[in-house]
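# Architecture at a glance
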Amino acid sequence: MDDLNPLAGTAHLLEEVDKKLMVLLRDGRTLIGYLRSVDQFANLVLQRTIERIHVGNEYGDIPRGVFIIRGENVVLLGEIDREKEQKLPLKEISVDEILDAQRREQEQRQEKHRLVSKALKERGLAVNADIINEDFC
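Residues numbered from 1 in each chain as written. Predicted model: local features only at pLDDT ≥ 70, side-chain atom pairs only at ≥ 80, totals over all residues. Heavy atoms only, no water.

### Thoughts on the sheet that holds strand E5 (residues 74-79)
Across the sheet, 6 strands lie side by side as E5-E1-E2-E3-E4-E6; this open sheet has mixed pairing. Of all strands in the sheet, those with a lone pairing partner are E5 and strand E6 (91-92), marking the two edges. Taken together, the 5 bridges between strand E1 (residues 20-25) and strand E2 (residues 30-38) define a ladder with antiparallel strand orientation. Paired with methionine 22 across the strands is isoleucine 32, a residue of E2. (Pairing = 2+ DSSP bridges. Helix = DSSP H or I, 4+ residues; strand = E, 2+ residues; numbered from the N terminus.)

Spelled out as structure tokens, the structure:
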């Protein structure tokens with residue numbers, strides 16, 4: 001046990017209360033908001049939350065308000081650096097434009113998966129949809 005740090009486990013998150021955080025969820029969504037509360041299960045309450053969608057070098061922010069996140073759904077959590085946030089090398093576009101770009105990207109990904117599946121099948125290989133991912137295409 002580390003004697004230098006008296007906080008253990010999710011208690012470390014208490015230091016992040018009232019800070020602007022970025023949270024990556026298991027389903028791939030990225031949320032940005034102010035941490036207002038955390039419990040022993042690492043459940044989070046974010047206020048003034050936005051959902052940020054990235055496609056290529058563009059992004060769009062969808063306002064979500066107060067957002068409650070179950071701790072088991074958090075993959076990554078980190079504080080937003082205010083200076084770097086102002087110097088993003090990305091272009092902000094409207095919500096409608098980013099959702100349309102996201103839809104097109106998903107359609108292209110599905111078409112790649114379909115082509116890979118077809119090529120594997122033609123070569124006599126069994127196709128398991130779980131193993132066909134971005135790395136394979």
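Following the structure, the description resumes.
### Focus on the pattern of salt bridges
Two side chains with opposite charge may pair up if their charged atoms get near one another. With the rule as written, the count across this model stands at 11 salt bridges. For arginine 104, the salt bridge is made with aspartate 100, and the minimal N-O distance between the two is 2.5 Å. On the criterion of helical spacing, the pair formed by arginine 104 and aspartate 100 is a turn pair, its members being 4 residues apart in helix H2 (residues 95-122). When its relative accessible area of 40% is taken as the criterion, arginine 104 is described as partly exposed. On the basis of relative accessibility, which here comes to 31%, the residue aspartate 100 falls in the partly exposed class. The shortest N-O distance in the salt bridge between glutamate 105 and arginine 109 comes to 3.4 Å. With a gap of 4 residues between them, glutamate 105 and arginine 109 both fall in helix H2, about one helical turn apart. (Salt bridge = Lys/Arg side-chain N within 4 Å of Asp/Glu carboxyl O. Buried < 20%, exposed > 50% of the residue type's maximum accessible area, 1.4 Å probe, protein only.)

It is worth stressing that arrangement in space is one thing and function is another; only the former is reported here.
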